[in-house]
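Here is what each chain is made of, one letter per residue.
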Amino acid sequence: MLPAIFGGLVGLIAGILPETIRDGGLDTESGKRLVALLVAAVILLLAQELAGSAYEVAKWAFYRRYEHYLLGRVIDATLSTRRLELFEDPQLSRLADRAVRLAGLDPGDLVDGWCTRWSHLFQGAAAAALVATVWPVAAGVLVVVWFVAGAVMLTALRRLDIDSWSSGLREAEYLARIAEKPAWAKEVRVFGLTGWLAERFGLRWTRALDQLARARGAGRWRTVTVLLALLCSHGVIAAVMVADGLAGSLSATQITVLLLGMSGMTVLADQTGAELIEYGSPRVPLVLDLEKEAAQVATGAGPKPLRSPRPVRISREIRFSDVDFAYPNARPVFRRLNLAIEAGTSLGVVGLNGAGKTTLTKLLCGLEVPAAGTITVDGVPVQELDIGAWRRTIAAIFQDFVHYELPVRDNIGFGAVEALRAAGEGAEASRTARDRLDAVVRTAAERAGAHNLIAGLPDGLDTTLSRRFPGGVDLSGGQWQRIALARAMAAVENGAGLLILDEPTAQLDVRAEADLYDRFLDLTRDLTTIIISHRFSTVRHADRIVVLDQGRIVEDGGHDELVAAGGEYARLFSLQAASYGIAT
Ligand SMILES: Nc1ncnc2c1ncn2[C@@H]1O[C@H](COP(=O)(O)OP(=O)(O)OP(=O)(O)O)[C@@H](O)[C@H]1O
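Residues numbered from 1 in each chain as written. Predicted model: local features only at pLDDT ≥ 70, side-chain atom pairs only at ≥ 80, totals over all residues. Heavy atoms only, no water.

For the rest of this paragraph, the subject is the sheet that holds strand S9 (residues 544-549). The strand order S6-S7-S8-S3-S9-S10 describes an open sheet built from six strands, whose pairing is mixed. Whereas interior strands pair on both sides, the edge strands pair on one side only; in this sheet they are strand S6 (394-397) and strand S10 (552-557). Adjacent strand axes in the sheet meet at a mean angle of 15° when their direction is disregarded. Of the pairings in the sheet, the one linking strand S7 (residues 498-502) to strand S8 (residues 528-532) comprises five bridges and is parallel in character. When the bridges of S8 are listed, Asp502 appears paired with Ile532. (Pairing = 2+ DSSP bridges. Helix = DSSP H or I, 4+ residues; strand = E, 2+ residues; numbered from the N terminus. Axes fitted to C-alpha atoms, helices over the stretch in contact; angles between N-to-C directions.)

Spelled out as structure tokens, the structure:
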């Protein structure tokens, strides 16, 4: 609006200037009016500047609030699912992926879009009002023409909607991600994929751009028609204006006001706001869709991360009774699985790839739910336990445990998240809580054999485990495994009574692994421990070993018993013993 008022003032100044010169200077009546108009114009210019800055400040404040709100809802929706459906179902995982990416894009396009749109509407209306003060009919015609032009432009923009071409770009985006992932850098170079990646990326992107160009060409005729309508209406108005000006029925002020108003009205067709709204709005329905889907798969209230219930005490046994399980659209992993794990004992689980070992642990952790049968803890079905309490009972390290690019203290402290939270951060940090956390972390590190490794790090527990951060370091595969084991031991320190190790030591050498497990089983003697490993030398020390084959338990007993039975376990054990030189 302010630019339009300013335009009106400039028009008035232009009109009064010749009169002032004619009357003989600023002391005259017209001169005083000119001075007043000039002062008003300066004030308006300043106001415009101030309003612009205030708008920017308010806009960015809005932006961040909007992004915070939206991402917060995405995170809540994702974390509200206590199981893994959101990540395992391709449709749901795509939805979650898009929601996270779009909600976190340059913040507040939607807010910016609405701000721009309203500001353009005000500017356009003020400019139209300016034109209307001189020539109402022209204002009416131009409003209609500019709105039609805007609508045509918007239709053209919709044809270029991100969704219509994103499928073409998704592969290109994925290729770009391959190139920038530090963890994949070695393989990409060793296999000589760099050239292929760059070529394929360029190809995919060009194809997407061609798609865009074709979409753009489709509405060509409508655009040409609108351009002609704009040209004709402005041509007629300009011709009449010149004729009236020459005839003396339009003053210089009126002509200036008309010209300024007409140029200001172009914003009525500006679709920057609409474009931002189009781009920003899919995020809201997307987040709502994600929340709906998450609510459907989240049976009951998900565990709130801030709650810290007491761990469950396992006093007798964990029992799988007639458990059936299949992943969506896949053949069954378990059919009528029966297994009892006595409290306070260690169980080794072995089996070929795909036998169902990890699935067994996921069911136990409540990350998957049996289609039939029950899993009970001292007779109580896992589903009936407080899921937060049950999860606190478990210390699990999976094959693909997370390498958090965070300080060692966090990497290990995640096993005892209550202690980590109590310790706080920065100014909030409480000295006693911090000392307690460090004690938990150090004891856990010692138990996992990671204390020497930590002692050698430049900043000890404060060292960030990633070279992508200043002062950070990278660890070897085996060192990372010790950190992960320390995380599990921190959970034990924090009250966990069920320890699950799903092959987290595959990268340790045989001797280091054997040493570690000997110590480990010793340290966790009173706990219920499940060890999954392909290395028989590892599981042989477990109290009991089960052999899984295609989802069924085919052998069950102590190491000596199974070797004596001369079955699959004995065969595989002697094969490994021969290659590793282990005494049988
Ligand atoms: N998320 C999933 N979606 C669909 N099928 C899956 C999923 N995870 C595992 N499977 C399938 O379930 C079966 C059991 O897999 P699981 O990971 O439990 O085996 P495993 O014994 O741990 O194998 P490995 O020794 O290779 O780790 C396999 O056939 C596997 O392909």
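On to the sheet that holds strand S5 (residues 380-381), then. Taken together, the four strands give an open sheet; going across it, the order is S2-S1-S4-S5, and neighbouring strands pair in antiparallel fashion. Looking at which strands have only one partner, the edges of the open sheet turn out to be strand S2 (334-342) and S5. With respect to the sheet, helix H14 (residues 357-364) is in contact with strand S1 (317-325), S2 and strand S4 (372-377), its orientation differing from that of S1 by roughly 115°. (Contact = heavy atoms within 4.5 Å.)

You can see Ser233 is positioned in helix H10 (residues 220-247). Excluding residues within four positions of it along the chain, Ser233 makes contact with Val141, Leu142 and Val145.

Residues spaced three or four apart along an α-helix face the same direction, because each turn holds 3.6 residues. In terms of residue burial, H14 counts as a mostly covered element, since seven of its eight residues are buried. When H14 is considered as a whole, its buried residues turn out to be Lys357, Thr359, Leu360, Thr361, Lys362, Leu363 and Leu364. Looking at the residues trailing H14, positive phi occurs at Gly366, about 75°. (Buried < 20%, exposed > 50% of the residue type's maximum accessible area, 1.4 Å probe, protein only.)

A few words on the UniProt feature "transmembrane region" (unreviewed entry) in the chain. When the UniProt feature table is mapped onto this chain numbering, "transmembrane region" (unreviewed entry) sits at residues 34-55 and 224-243. Annotated as residues 34-55, this span is 100% helix and 0% strand, and its ends, taken at the C-alpha atoms, are 31 Å apart. Note that residues 224-243 is 100% helix and 0% strand, and that its end C-alpha atoms are spaced 28 Å apart. (UniProt positions renumbered as here; feature names shortened; annotations may be inferred.)

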